[in-house]
Amino acid sequence: MNTYDVPKKQWEQWSPHVQGVFNIVYGAMIGDPWAYQHPKAERGKEEHWQTVAWNAAWTAANAVDGIITKAEE
C-alpha cells in the first residue's frame, strides 16, 4: 500500500518487499525523529524532518532493490 504517496511511477517499479521497506523506514522516522538525531541537536522544522525521513526511506528502498547512484559508488 502506497501509504505515503510515493509517485506512482516509482512505486510501481519497486517490489512489494521494497515498498514495505520504504513505508517502515519513513513511518519510523516520522514517528520518532529524536531516535535519529543527536540528543543535543535543536529541534528542526517538521517539514524539514519529513524531507530527511523521505530521503532516508527512498535510499533504503533503493539499497534493498540493489539500485546504486553515482554518489554511492
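Thresholds, definitions, all that
Residues numbered from 1 in each chain as written. Predicted model: local features only at pLDDT ≥ 70, side-chain atom pairs only at ≥ 80, totals over all residues. Heavy atoms only, no water. Helix = DSSP H or I, 4+ residues; strand = E, 2+ residues; numbered from the N terminus. Buried < 20%, exposed > 50% of the residue type's maximum accessible area, 1.4 Å probe, protein only. Phe/Tyr/Trp six-rings, centres within 6.5 Å; stacked < 30°, edge-to-face > 60°.

Caption draft 1: Expanded view of the overall build of the protein. When helices and strands are tallied, the protein shows three helices and zero strands. In sequence order, the secondary structure elements of the protein are arranged as α-α-α. With the principal axes as the frame, the protein shows a C-alpha extent of 40 × 30 × 15 Å. Out of the 73 residues in the protein, the part that is buried amounts to 23%.

Caption draft 2: Region of the structure containing the packing of aromatic side chains. Overall, the coordinates contain nine aromatic pairs when judged by the stated rule. Ring centres of Tyr26 and Trp54 lie 5.7 Å apart, and the angle between their planes is 85°; on these two criteria the pair is classed as edge-to-face. Taken together, the residues Tyr26 in helix α2 (residues 16-31) and Trp54 in helix α3 (residues 46-65) connect sequence positions 28 residues apart. Classification of Tyr26 by relative accessible area gives buried; the value is 10%. Judged by its relative accessible area of 22%, Trp54 is partly exposed. Each ring, one from Trp54 and one from Trp58, has its centre 6.1 Å from the other, and the planes form 40°; the classification is tilted.

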